[in-house]
Amino acid sequence: MPSLTGHFINNMDNNTVQQIKDIIAQSQTIGIVAPKNPSLDDMAAALSLYLLLKNNNKNVSIAAPSDPLVEVSSLVGVDKVEKTLSGTGGTGDLTVSFPYTEGEIEKVSYTLEEGYLNIIVKAAEQGLTFDEKDVEYTRGGGNLDVVFAVGAPILSELDSVFDTQNLDIKLVNIDNKAENDQYGDIILVSTKLSSVSEGVADLALALGLNIDQDSAQNMLNGIASATN
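Residues numbered from 1 in each chain as written. Predicted model: local features only at pLDDT ≥ 70, side-chain atom pairs only at ≥ 80, totals over all residues. Heavy atoms only, no water.

Asks: Break down the nonpolar core for me, with residues and values.
Replies: Within the largest apolar cluster, 41 residues are counted, with the highest numbers of intra-cluster contacts made by Ile32, Leu49, Phe148 and Val150. Looking at this core, the elements that each hand over two or more residues are helix H1 (14-26), strand S1 (29-33), helix H2 (40-55), strand S2 (59-63), strand S8 (146-150), strand S9 (170-175), strand S10 (186-189) and helix H3 (196-207). With eleven residues, the single largest contributor to this core is H2. The contact partners of Phe148, leaving out residues within four places of it in the chain, are Ile20, Ile24, Ile30, Gly31, Ile32, Val33, Leu49, Leu53, Val172, Ile174 and Leu203. (Core = buried A, V, L, I, M, F, W, Y, C linked by side-chain atoms within 4.5 Å. Buried < 20%, exposed > 50% of the residue type's maximum accessible area, 1.4 Å probe, protein only. Helix = DSSP H or I, 4+ residues; strand = E, 2+ residues; numbered from the N terminus. Contact = heavy atoms within 4.5 Å.)

Below, the structure is given as structure tokens:
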């Protein structure tokens, strides 16, 4: 693992790094949250982490309480920012699941009739072995397992984005603001950071994530904006 680059070193010892690695590895659905009216640095950091985890083949969504401002429009991935995280409002994909035995289904098709979509599972000669009670429906990509709050000092401002009171959701707080409420299961907050984007860079290096061109450009833009 690369050595840590600096200002998170007091917060992010080897045990903390391993804890975050384990959380990411075990999570099916990950949320990234930017603050209300985010600065370019805040949004650049959040989008960088979003891209890094996407590249790590994780199911990730990103959201903010307010619409992105014009100043952040050049950041890679800004078009993916929503008002709520996938898995919280039931607005994601609908998955229909049922037990399957090899050879019992001849084909799957659909029809549209009077505003209804009918999914037709045509049985093979031996027939279907499952009943209606065995059919399961999953909406919105499942529940959130972990949320990374990036550059968001006040937890209550994120209430509209996800259920901040849900204790089943692990919460990682990444920030450099003195007014940060110090909330979360893992707190990576340091006023010594030049920018929130530097904090995400520290975390990426500590986790050994592959930093691609898009996430690197976002982080560079965030650091440049925060430090002039």
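Asks: Could you give me a rundown of the pattern of salt bridges, with the residues and numbers involved?
Replies: The final tally for this structure, using the stated rule, is four salt bridges. Close ionic contact of Lys83 with Asp67 constitutes a salt bridge, the shortest N to O distance being 3.5 Å. Placement of Lys83 in the loop between strand S3 (81-82) and strand S4 (94-97) and of Asp67 in the loop between S2 and S3 is noted, with a sequence separation of 16 residues between them. Linking Lys133 and Asp134 is a salt bridge whose minimum nitrogen-to-oxygen distance equals 3.5 Å. Residue classification places Asp134 among the partly exposed positions, given a relative accessible area of 25%. Because the salt bridges share partners, they merge into one network encompassing Asp42, Asp175 and Lys177. (Salt bridge = Lys/Arg side-chain N within 4 Å of Asp/Glu carboxyl O.)

Asks: Run through a nonpolar patch on the surface, naming residues and quoting values.
Replies: A cluster of nonpolar residues, Val96, Val108, Tyr110, Leu112, Leu117 and Ile119, forms a patch on the protein surface that exposes about 650 Å² of accessible area. The set of elements that each furnish at least two residues to the nonpolar patch consists of strand S5 (105-113) and strand S6 (116-123). Within the secondary structure, Ile119 sits in strand S6. (Patch = residues over 30% accessible without salt bridge, like charges linked within 9 Å, V, L, I, M, F, W, Y side chains within 5 Å. Areas by Shrake-Rupley, 256 points an atom, 1.4 Å probe, with all protein chains shown as cover.)

Asks: Kindly report on the sheet that holds S8, identifying the contributing residues and their values.
Replies: Remark on secondary structure: sheet strands pair via backbone hydrogen bonds, oriented parallel or antiparallel. What the six strands build is an open sheet, ordered S3-S2-S1-S8-S9-S10; its pairing is parallel. The open sheet has two free edges, formed respectively by S3 and S10, since each of these has just one partner strand. As defined by bridge partners, S1 adjoins S8 across four bridges and the pair is classed as parallel. Following the sheet pairing, Val33 is matched in S8 by Ala149. Most of the contacts of H2 go to S2, to which it runs at about 165°, and overall it touches S1, S2, S3, S8 and S9. (Pairing = 2+ DSSP bridges. Axes fitted to C-alpha atoms, helices over the stretch in contact; angles between N-to-C directions.)

Asks: Tell me what's going on with the packing of H2 against H3, and back it up with residues and numbers.
Replies: Interhelical geometry of H2 versus H3 gives an angle of 20° and a closest axis separation of 7 Å. On the basis of their axis angle, the class for H2 and H3 is roughly parallel. On the side of H2, the interface is formed by Asp41, Asp42, Ala44, Ala45, Ser48, Leu49 and Leu52, while H3 contributes Val196, Ser197, Val200, Leu203 and Ala204. Of the residues belonging to the contact of H2 with H3, the class tally is eight nonpolar, two polar and two charged. (Parallel < 35°, antiparallel > 145°, perpendicular 65-115°, else oblique. Nonpolar A, V, L, I, M, F, W, Y, C, P; charged D, E, K, R; others polar.)

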